[in-house]
Amino acid sequence: SGEAIPTIGYGNQLSAENVRTGTVNIKGVMVDWTKGITRQQALDLLETKVVEYEKAARASLAEANLVNPKMDAALTSLIYNVGVYAWDQSNAKKALESGDIDKKGWIKVTKIGTKQKIISNGLVNRRNGEKDLFMEGYNESPLGSGGRV
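Presented here is an overview of the structure given in this document. (Residues numbered from 1 in each chain as written. Predicted model: local features only at pLDDT ≥ 70, side-chain atom pairs only at ≥ 80, totals over all residues. Heavy atoms only, no water.)

A short note on the nonpolar core
Rule in force here: We define the nonpolar core as a collection of buried residues of types Ala, Val, Leu, Ile, Met, Phe, Trp, Tyr and Cys that are connected through side-chain atoms lying within 4.5 Å of one another. Only protein chains enter the accessibility calculation, which uses a 1.4 Å probe; a residue whose area is less than 20% of its type maximum is buried, one above 50% is exposed, and one in between is partly exposed. Helix and strand assignments come from DSSP, with helices taken as H or I runs of at least 4 residues and strands as E runs of at least 2, each series counted from the N terminus. Contacts: residue pairs with any heavy atoms within 4.5 Å of one another.
Within the largest apolar cluster, 18 residues are counted, with the highest numbers of intra-cluster contacts made by L61, L66, L75, I79, W87, L96 and F134. Counting only elements with at least two residues in this core, the list comes to α2 (39–63), α3 (69–82), α4 (84–89), α5 (91–97) and α6 (121–140). Other than its neighbours up to four places away in sequence, L61 contacts L66, M71, D72, L75, L96 and F134. In this structure, L14, V31, W33 and L45 belong to the second largest nonpolar core, which totals 7 residues.

Topic: the environment of Y10
As for its position among the elements, Y10 is in the loop between β1 (7–8) and β2 (12–13). Between the alpha carbons of Y10 and L43 there is a distance of 7.7 Å; along the sequence they are 33 residues apart. Setting aside residues no more than four positions away along its own chain, Y10 makes contact with R39, A42, L43, L46 and Y80.

Examining the pairing of strand β4 (residues 29–32)
Cut-off, in case you're wondering: A pair of strands is considered paired only if DSSP assigns at least 2 bridges between the two.
Bridge count between strand β3 (residues 23–26) and β4: 4 bridges; the pairing is antiparallel. When the bridges of β4 are listed, I26 appears paired with V29. Taking the residues between adjacent antiparallel strands as the criterion, β3 and β4 are bridged by 2 residues, where K27 takes a positive phi near 50°.

Re the environment of I8
Here I8 lies in strand β1. With relative accessibility at 9%, the residue I8 sits in the buried group. Counting along the chain gives 29 residues from I8 to I37, while the straight-line C-alpha distance between them is 7.9 Å. Contact partners of I8, with chain neighbours within four places excluded, come to L14, V24, W33, I37 and L45.

A look at the packing of aromatic side chains
Two descriptors summarise a pair of aromatic rings, namely the distance from one centre to the other and the angle between the planes of the rings. Note the threshold: Any Phe, Tyr or Trp ring, taking Trp's six-membered ring, that has another such ring centre within 6.5 Å forms a pair; planes under 30 degrees apart are called stacked, those over 60 apart edge-to-face, and the others tilted.
Going through the model one piece at a time under the given rule, you end up with 1 aromatic pair. Arranged with centres 5.3 Å apart and planes meeting at 85°, the rings of Y53 and Y80 form a pair that is edge-to-face. A residue pair is termed long-range when its members are at least 10 positions apart, and Y53 in helix α2 and Y80 in helix α3 qualify at 27 residues. Residue classification places Y53 among the buried residues on the basis of a relative accessible area of 7%.

As for unusual backbone geometry
With a phi angle near 50°, K27 is a residue other than glycine that sits in the positive phi range. With respect to the helices and strands, K27 occurs in the loop between β3 and β4.

Section: α2
Counted only if it meets this: Each helix should span, by expectation, one fewer than its residue count multiplied by 1.5 Å.
Between its first and last C-alpha, α2 extends 36 Å over 25 residues, near the 36 Å set by a 1.5 Å rise per residue. When α2 is considered as a whole, its buried residues turn out to be A42, D44, L45, Y53, A56, A57, S60 and L61.

Right, dumping it as structure tokens:
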């Protein structure tokens, strides 16, 4: 099995520096996460991180010339769950940006570096939900062309 990735709050990955120091920056305040964080701190951290994931999602959608709020939400969710680095390296991103949106990359879970497949029913279900939402947005888009502008 794979190496555990330490997280806090709503799945925010801790960096090696966060682990080493036992602190994390939440809205400009260094917080000792080793004693736990409050619900509000978790929400603040999530809010800060979602901006990063939305930016990556919107960049890929713009590259593919696609515009739809459901597609944006689905892709932001996917990138939130896999991380920006993994998204940037993924075949799913390459397929989307080249206009081939119906790839199976939505359900593949690959550990970066080892290329080892990690299958989890929960992750497969989540990826399928994200893909369904994305495709719903695609199918609703103007002129039946997938929202291409």
